[in-house]
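Take a look at the letters that make up each chain.
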Amino acid sequence: MKKIFKFAMMFAVTGALSFGFTSCSNDDDNNDNNGKVDQTSKFSDASYGTEAMKACDDIIAQLGVAMKAIEKSALTNEQKDELNKALANNVDNVIVPTYTNLANAAEKLQKALGDLSVDQIQQQNINDACEAFKEARAWWEKSEAFLGGAAQDFSIDPAIDSWPLNRDLLHSYFATGSYSEEALEDCSILGFHALEFVLFRNGEPRKVEEFKGLDTYKGFTDVKGAEELKYANDVAEKLVLYCYNLEVAWSEDPNAQRLAAVKNAELAYQTNKGQSYGWNMKNAGNTRSTFSELEEAIDQVLNSDEGSAAAIANEVGGGKIGHPFKSGLIFYVESPYSYNSITDFQNNIRSIENVWYGNVNGASGNANYSLHSWFAKNDAKTGEAVENAIRNGIEKIGAMPAPFVKYVSTLWKVSFEDTPVSEIPE
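Scoring rules and cut-offs
- All residue numbers refer to positions counted from 1 along the written sequence of the respective chain.
- Residues qualify for local features only when their pLDDT is at least 70, as the model is predicted, and side-chain atom pairs are given and counted only at 80 or more; totals for whole chains, interfaces and linings, by contrast, use all residues.
- Water and hydrogen atoms play no part in the side-chain values, which are based on all heavy atoms of the structure.
- Helix and strand definitions follow DSSP, with helices as H or I runs of at least four residues and strands as E runs of at least two, each counted in order from the N terminus.
- In what follows, a contact means two residues having at least one pair of non-hydrogen atoms within 4.5 Å.
- Each accessible area is a Shrake-Rupley estimate made with a 1.4 Å probe; only the visible protein chains count as cover when residues are assessed.
- With axes taken as lines fitted to C-alpha atoms, and helix axes fitted only over the stretch in contact, angles between N-to-C directions fall between 0 and 180 degrees.
- Here is the rule for angles: anything less than 35 degrees is roughly parallel, anything more than 145 is roughly antiparallel, 65 through 115 is roughly perpendicular, and the remaining ranges are oblique.
- Helix crossings get a hand from a simple test, with the near helix turned counterclockwise from the far one by less than a right angle marking a left-handed crossing and a clockwise turn marking a right-handed one.
- Amino acids are sorted into nonpolar (Ala, Val, Leu, Ile, Met, Phe, Trp, Tyr, Cys and Pro), charged (Asp, Glu, Lys and Arg) and polar (every other residue, Gly among them).
- Between rings of Phe, Tyr and Trp, where Trp is taken as its six-membered ring, a pair exists when centres lie within 6.5 Å; planes separated by under 30 degrees are stacked, by over 60 edge-to-face, and by other angles tilted.
- Buried, partly exposed and exposed residues are distinguished by accessible area as a fraction of the type maximum, computed with a 1.4 Å probe on protein chains only: under 20%, between the cut-offs, and over 50%, respectively.
- We define the nonpolar core as a collection of buried residues of types Ala, Val, Leu, Ile, Met, Phe, Trp, Tyr and Cys that are connected through side-chain atoms lying within 4.5 Å of one another.
- Think of a polar contact as two N or O atoms within 3.5 Å of one another; within protein, one of them needs to be a possible hydrogen donor and the other a possible acceptor, and neighboring residues in sequence only count if both atoms come from side chains.
- Only protein atoms enter the 1 Å grid, on which a cavity is a set of points fitting a 1.4 Å probe that cannot get out and a pocket is an open set with protein on both sides within 12 Å along at least 5 of 7 lines, lining residues being those with an atom within 4 Å of a point.
- Grid points are joined across faces, edges and corners, and a volume is the space filled by probe spheres set on the points.

Asks: Just checking my understanding: could you explain the overall build of the protein for this structure?
Replies: Scanning the protein for helices and strands turns up 18 helices and two strands. In the protein, once contacts between residues fewer than 6 apart in sequence are set aside, the share between residues at least 24 apart is 74%. As presented, the protein carries roughly 18100 Å² of accessible surface, and 45% of it is formed by carbon and sulfur atoms.

What follows is the structure, given as structure tokens:
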């Protein structure tokens, strides 16, 4: 789903490395004399990553079983009615609230940065921007189980969440103090991860002194903080607009101000049949919906190739964790500057949980109509298997030592900063 950009510098390590690190130890092996787990030793223990990826595979498998169970059922009218209501609830109580919260948090981020100059900006502005960044980041990651829709159709996903960040290109703009509107269309230096680079270092908000002087990041020590701040302001403005775009596209009664901003920017926000994406999902089977039948919409939610619950579980296990962990592609670590990787991964699985339970609070919510309630009534064994897999996935991902970038760098004995960005090999 995320576009991988091909850069001039090719990654020379891929394929040459082998798993030269410890495998499959456990916490008991890492206990000190007081019986406490030695957290440092976890960074050289591959079993945590292996278990996290296995848990993601199980989520994919169980979602597939659930989809097949629906496909093989001779659904009664009552069962179809309940599934339709579950889809409607998914729009009203999961998708639209998630995108609204995302847009609200993006606004906070932009407000914290404002149009402040280096003479005006204070540490509190940076701290507030970082806090809002993490809030927006959480809502975005919790949206990735339903990327199938406006996020994909209008290329909003790559525009705001492409990684790895093209550090070489970004440096060239920073160093020259010159970038154009055309440059701000290059997804490799846009969105969350460009802002993350400007705002964070080693998991903490950057010091305001750096913005008043020169950057201290390796390879960027000739860059003026003023140029980074100017760039961050422009990127934040675009991020807010794209978040409006997502909210407006799914809402059947969109916020007038945000709709006006989207229209003013001439951004597309309706399906190719002229409907909101919310109406489109609620009315699967209607000739004005892109879904020809109910089962097709359910498949998009659960198990479609792209933009579904199964798709994001696959991306987390196979890509976000798998590429750095299994192949040593350290440059591919998502959110390496904010140390937010593991939180991101867990929120991706929580996006599945929210879709399944029909609310933005996961298993603790109590929606009247949801996939959880439908399976509890019609196929409890299959439903419980899905729910156990989701719960286990969140737990196993959270058990990996943090930050994730340090974990995989330790395993492969390669630093993130020293690994040039390249294309993921086939």
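Asks: Can you walk me through the packing of helix α15 (residues 341–357) against helix α17 (residues 380–399) in this structure?
Replies: Axis angle and axis distance: for two packed helices, these are the angle between their axes and the distance between the axes, and together they describe the pair. Across the interface, α15 lies against α17 with an axial gap of 9 Å and an inter-helix angle of 165 degrees. Taken together, the axes of α15 and α17 are roughly antiparallel relative to one another. As α15 runs across α17, the sense of the crossing is left-handed. Two secondary-structure elements touch here, α15 through I342, F345, Q346, I349, R350, I352, E353, W356 and Y357 and α17 through G383, V386, E387, I390, I394, I397 and G398. When its residues are assigned to classes, the contact of α15 with α17 shows ten nonpolar, three polar and three charged.

Asks: Please explain the packing of aromatic side chains as it appears in this structure.
Replies: Between two aromatic rings, the relevant description is the distance of the centres plus the angle of the planes. Counted according to the given criterion, the structure contains 20 aromatic pairs. Here the aromatic rings of W163 and Y332 are separated by 5.1 Å at their centres, their planes lie at 45 degrees, and the arrangement is tilted. Of this pair, W163 sits in the loop between α6 (156–161) and α7 (167–176) while Y332 sits in the loop between α14 (309–327) and α15, placing them 169 residues apart in sequence. For the pair W163 and Y332, a shared accessibility class is recorded, and that class is buried. Taking the centre distance of 5.2 Å and the plane angle of 80 degrees together, the rings of F197 and Y217 count as edge-to-face. Within this pair, whereas F197 is found in helix α8 (residues 191–199), its partner Y217 is found in the loop between α9 (208–212) and α10 (225–250), the two being separated by 20 residues in sequence. Taken as a pair, F197 and Y217 share a single burial class, namely buried. The structure contains a cluster of three or more aromatic residues connected by ring pairs, namely F174, F197, Y217, F220, Y231, Y337 and F416.

Asks: What am I meant to see in the packing of helix α16 (residues 371–378) against α17 here?
Replies: Direction vectors running N to C along α16 and α17 enclose 140 degrees, while the axes themselves pass 6 Å from each other. Between α16 and α17, the angle is such that the two are oblique. Two secondary-structure elements touch here, α16 through H372, F375, A376 and N378 and α17 through A380, T382, G383 and E387. For the contact of α16 with α17, a count of residues per class yields three nonpolar, four polar and one charged.

Asks: Is there a simple way to explain the nonpolar core in this structure?
Replies: Side chains of nonpolar character tend, in soluble globular proteins, to be buried together. Y231, I321, I352, I397 and M400 are the most contacted members of the largest nonpolar core, which totals 127 residues. Once residues lying within four places of it in the same chain are set aside, the contact partners of I352 are I59, L63, A145, A309, I312, A313 and I390.

Asks: Explanation requested: the environment of Y244 in the structure shown.
Replies: With respect to the helices and strands, the residue Y244 is situated in helix α10. With 13 residues separating them along the chain, Y244 and Q257 place their C-alpha atoms 9.4 Å apart. Setting aside chain neighbours within four positions, we find Y244 in contact with A103, E107, R258, A261 and V262. Engagement of the side chain of Y244 in a polar contact is seen with the side chain of E107, the distance being 2.4 Å.

Asks: Quick question: what am I supposed to make of empty space enclosed by the protein here?
Replies: In this approach a probe as big as a water molecule rolls over the atoms, and the regions it shows empty are the leftover space. Per the stated rule, a full pass over the model turns up three cavities of 30 Å³ or more. P164, L165, V333, P336 and F416 are the residues nearest the centre of the largest cavity, which is lined by 14 residues in total. Partitioning the lining of the largest cavity into residue classes produces nine nonpolar, two polar and three charged. Of the pockets and cavities examined, the second largest cavity occupies roughly 50 Å³. Every residue lining the second largest cavity is listed: A86, L87, N90, V301, V355, G358, S370 and L371. In terms of residue count, the dominant contributor to the lining of the second largest cavity is helix α3 (residues 77–113) (three residues).

Functional significance is not addressed by these values, which are geometric in nature.
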